[in-house]
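Summary of the model geometry
Listed here are the chains, written in short residue letters.
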Amino acid sequence: MRCDYGVIGGGLSGCLLAYYLLEQGKKVCLIEHSTIGSGASGTPLAMINPATGRFAKKGTNSVESIAQIEALQKLSPFSTAQDYIQIRKILRPCFDSEIAHKTYQNYLSDDWGPGIAEWLTSDEVKEQFPLINSCYGALVVHKGYVVHPKKYLHHLVEWLKDIPGFTLLEAYKDLEAESDLRSYVDLPNKRKYFVIRGSDAELQADKLVHCTGAEEIINKMIPGVIVKGQTLQFQLMDPVKDTISSVRDGNNENIIGNNWSSLLKKYAISAQGYLCSLDGRNMVMGSTYEHRYTRPEPDAKGKQYLKNKLNRIHDRLSNEIVNESMWAGLRFSTPDRMPIMDELPTHKGHYVFRGLGSKGLLYSHYYAKVFSKYLCGKGFLSKEVRLSRFK
């Protein structure tokens, strides 16, 4: 089996890079040691939020990233994808005066463009979003998404299978052991192609692109840390209960939603964590961001942390949840929280595309297209994503 690119890792970066390389007319083999979306990209539900960080700073290339996502959604395979990706406005309430001040300053200085974002005063938030606890103001971004990443990736890969030049090696355990990784990572630089051998297949690739967060050998070569993230999945006892009927006239047209189901069908909430839903019934509160952890599985400390986040959005909201469960995943994060896209300086023909961190859903589409053009000799990479920035 011969291809132009062997892409290792079936998460967001790997699947999307495979798509854009195919779009460039290249032959691609996507290699995943488990199943598509089984790593950090398999979080049960997440949002695409262009206002990033603690103070809702307009993310680098975030508007361009949203535009790239929109372009992909217009393709016929995604035209009926409402069960795993939907447009949402992003509500960012500020429950701390310092956060409110800095978020508002960022709103004034960021060039969002007309109609993309607006600032609401505390009184306007109280009037329009009575479900939300009293706050110091809020940023509203009018274009974001809520996504079920695993379903999204499965749909994408099923579509790729029909494209000539695409091969998928899934549940390919031969690449799991570190000894197997050494067998091709340490190939002499003079080799013109790379060979990956397994019990039932042999792959020859002109170039290899590592799009994983768990390859220990690659982790040792580039700066960064592994971060644990946990999410809480749940339903509310009564998601359509008119929570505010006793304190407010339900005929007020400025009220966005007087129950959680209707609110979360229009908005995702970001407040040092995120609350979102696709159907207004099944909800997710995420995510922890743990640099120090003792085990990769979900734990009671993470669950309590996320319930506290729920209660900050609405008093005692955690008391109303049922059918709760937890998810945990590990992701690679760089020191500056920007992705790495480059060739490994000590291993010619080996490239890395990783470090998207908590912004994977936002940035993976945009940067996968940028990287694919670079790999095909049709573009360049800015210093902000290259390994040389850490020297």
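Described below are features of the structure shown in this document. (Residues numbered from 1 in each chain as written. Predicted model: local features only at pLDDT ≥ 70, side-chain atom pairs only at ≥ 80, totals over all residues. Heavy atoms only, no water.)

When helices and strands are counted, the protein shows ten helices and 18 strands. Here the protein holds 391 residues, and the buried ones make up 53% of them. For the protein, long-range pairs separated by at least 24 residues make up 75% of all intrachain contacts whose partners lie at least 6 apart in sequence. Surface exposure of the protein reaches about 17600 Å², of which carbon and sulfur atoms provide 47%. (Helix = DSSP H or I, 4+ residues; strand = E, 2+ residues; numbered from the N terminus. Buried < 20%, exposed > 50% of the residue type's maximum accessible area, 1.4 Å probe, protein only. Contact = heavy atoms within 4.5 Å. Areas by Shrake-Rupley, 256 points an atom, 1.4 Å probe, with all protein chains shown as cover.)

Below, the discussion takes up the side chain of Q24. As for its position among the elements, Q24 is in the loop between α1 (12-23) and β2 (28-32). Q24 gets classed as buried once you look at its relative accessible area, which sits at 19%. Not counting the four nearest positions on each side in its chain, Q24 is found in contact with S372, K373, C376 and K378.

Here we take up helix α10 (residues 360-375). Along α10, the sharpest kink reaches roughly 25 degrees, centred on Y366. For α10, the buried fraction is high: twelve of the 16 residues fall into the buried class. Residues G360, L361, L362, Y363, S364, H365, Y366, Y367, A368, F371, S372 and L375 constitute the buried set of α10. (Bend = angle between axes of the 7 residues up to and from the residue.)

The subject of this paragraph is the pattern of salt bridges. If you walk through the whole model with that rule in mind, you get eleven salt bridges. Between E98 and K102 there is a salt bridge; the shortest N-O distance is 3.1 Å. Placement of both E98 and K102 in helix α3 (residues 97-109) is noted, with a separation of four residues, approximately one turn of the helix. Accessibility expressed as a relative area gives 45% for E98, which makes it partly exposed. By relative accessible area, K102 is classed as partly exposed at 34%. With a closest N to O distance of 3.2 Å, E324 and K303 form a salt bridge. With E324 in strand β16 (residues 321-333) and K303 in helix α9 (residues 300-313), the pair connects residues that are 21 residues apart, well separated along the chain. (Salt bridge = Lys/Arg side-chain N within 4 Å of Asp/Glu carboxyl O.)

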